[in-house]
Amino acid sequence: MTGTKSRWSVRPVHALTLLGCGLALASCSTTPTPAPETRVQDTRTFKAVEPTLASVPGATLYKGQYAGLQGPASYLIEVPDNWNGTLVMYAHGYAGTGENLTVGPPSIRQSLLSQGYAWAASSYSANYYDVRAGVEDTNALALAFGSLTGGKYAAPSKYLIMGVSMGGHIAGAAVEKETLDNERNKVNYAAALPLCGVMDEEYEFQWLGDYTLAAAQLAGLGAQSYPQSDYQAILPDIKAALFTDTSGPIWQENAGQGTKLREIARNLTGGNRPVFEQGFRLAAYQNAVFSTGGSDGTVNGILNKNYYGNVGVMYRWTTGATPTPAEVAFNNAILRVKADPNANAARPGGLRWIPRINGEFSVPVLTMHTLGDFYVPFAHQQKYRLAALANGNGDRLVQRAIRAAGHCEFTGPEIVEAFNDLVAWQKTGVKPAGDDVLTPATVADPNYGCRFTRGVRTGVAACPPTP
C-alpha cells in the first residue's frame, strides 16, 4: 500500500467478495487460505534401487522397499541371532543429486552385530540435501521394523541413532525437541551419535557462501550481484589467482591472495588448530566447496527463498585486535547479501524443510569431528556446544576431536569406541570423556585431538607417546 489509498481501492476484487458475502448472508471466510508453499524439490522424482548387500553368518538380513515421505525408499535391516533388543538406526550422508536412491550398511556393521545389536538403514525417499526426508524416512523405517521382518521379533526395547555428515545432521535433529514436537513419524531415541555432522544448519550454508564469495573477491573477480551466475565459468581464473597448482590431490595456495584466503578460512572454520592446513589443501574438498559457488541460496531447491546472508560478517586474515586497513577495504568492497528470514521457517503440521539443530535435547549425545574437515568444518562442534550450553544441555553432550584432514575420515576403532562409550553412558549414567572445543588455546595446542585419535594419518603429526 502506498500514499493514501485504502485497502478497498487496492484490493477491489476482495472488497466485492466481502460485500457479496454480507448481502447473501453466505458463510465466507474473510481470510483466504494461503496456498501451500512449493519448491523445486517437490517436483523431483527418484527411483529406489533394490539393495544387493549379502547377509553374514549369525544374522538375518532383510531388504526391499517401503513407503517414504516423497515416494518409495530402499531399506536394509539386519538382526543378529543373539539380538539384545536394541535397534540402531543408521543415517547415511549426502548422496548427490541423482535419480537413484541407494542404501548401505554402517561402517561398524560387524561390531554392531557381534555385540547383539540389530541395525537398519534407509536410502531416504529423496536425494539432494533433504534432511527432512532423512529424518522422517529413518523414523518410518524404525517404526516398520516388526512388519518388515515378518513379525518374527518383538518390538525393539530401545532405539539408538547414528549418522555421518548429512546423516549426522539427521541424527542430531532426530533428538531435538522441535523435531519430536513436529515430525510425522515419532521415535524416541535413547541416545544419538552424530559423526562429522552438520550441527548448525545455517552456518554450513553460510560457510559455503562466505568462502566462495571471498575467494572471488580476493581473485579480483568479486560478485557484483547475487547470485554470481558466471561463477563456475570464471572458477578456473579464481583458482589460478589463489593457488600455484591445482592439478593434483594436494593444492598449494600462493604467498599473496591465496594465503589471505587460507587465513580467512581458518578463522571462519574454528580458529587455529592442528591439521587445518592439511585439510585446506585437499583438492577433493576444495572442489566440493567451490562447486557451490554461484548458488542461489535455496540449497539446490530444498528451499524456495535465499538462505545465505553475510551482512555483518567481518572477513579477517590477521589476528590482531582490530582489522587492518587492507581488511577494512576488503570488507567494504565485498558484496553484501541479505538472507530471507523466512527461507527455512517453521511449517505447520510438519518439520522445517531443513530441520533445525537448536541444542534442545534430553538424551546423551556424543559427536566426533575431524580437525581438518574443510567441507563440514570443525566450527560446527563449537556452535553445537554453545547451543547446548544455552539450553542447559552441556552435560548431555560429549564431543571428540580427531586428528585427520578429510571429511568423516575416521578409523573403525574410533567409531566403535565412540559408540560403545555412548551406549555405556546411556545405560549407566556415567558420562564419558570428551574434548574441550571452545577454549582457543586448548584447540590450538599442537597435540589437540590426541586423546581420541586412534591411528596416525599420512601427513599428520603423530601424537606423543602415552606416559
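Now for a look at the structure at hand. Quantities reported herein were computed from a predicted structural model and do not represent experimental measurements.

## What about the nonpolar core?
Here is step 1 of the chain: In this structure, I77, Y189, W207, Y211, I238, F290 and Y315 are the most contacted members of the largest nonpolar core, which totals 95 residues.
Here is step 2 of the chain: Per-element tally for this core: the top contributor is helix α8 (residues 201–218), with ten residues.
Here is step 3 of the chain: In this structure, F290 is in contact with Y211, T212, A215, Y231, Q232, L235, I238, K239, F243 and W251, ignoring residues within four places of it in sequence.
Here is step 4 of the chain: Counting 34 residues, the second largest nonpolar core, distinct from the first, contains L53, V88, V398 and W425.

## Side note on a nonpolar patch on the surface
Here is step 1 of the chain: A surface patch of nonpolar side chains, about 260 Å² in accessible area, is lined by L386, L389 and L438.
Here is step 2 of the chain: Relative to the helices and strands, L389 resides in helix α14 (residues 379–390).

## Section: the pairing of strand β8 (residues 191–195)
Here is step 1 of the chain: In terms of residue burial, β8 counts as a mostly covered element, since five of its five residues are buried.
Here is step 2 of the chain: Across the two faces of β8 the burial is the same, with A191, L193 and L195 and A192 and P194 all buried.
Here is step 3 of the chain: Two strands pair when backbone bridges link them, and strand β7 (residues 158–164) and β8 are joined in this way by five bridges, in the parallel orientation. Following the sheet pairing, I161 is matched in β8 by A192.
Here is step 4 of the chain: Inspection of the sheet shows β8 paired to strand β11 (residues 365–370) by two bridges, in the parallel sense. Counted as the bridge partner of L195 is M368 from β11.

Cut-off values and rules
Residues numbered from 1 in each chain as written. Predicted model: local features only at pLDDT ≥ 70, side-chain atom pairs only at ≥ 80, totals over all residues. Heavy atoms only, no water. Core = buried A, V, L, I, M, F, W, Y, C linked by side-chain atoms within 4.5 Å. Buried < 20%, exposed > 50% of the residue type's maximum accessible area, 1.4 Å probe, protein only. Helix = DSSP H or I, 4+ residues; strand = E, 2+ residues; numbered from the N terminus. Contact = heavy atoms within 4.5 Å. Patch = residues over 30% accessible without salt bridge, like charges linked within 9 Å, V, L, I, M, F, W, Y side chains within 5 Å. Areas by Shrake-Rupley, 256 points an atom, 1.4 Å probe, with all protein chains shown as cover. Salt bridge = Lys/Arg side-chain N within 4 Å of Asp/Glu carboxyl O. Pairing = 2+ DSSP bridges.

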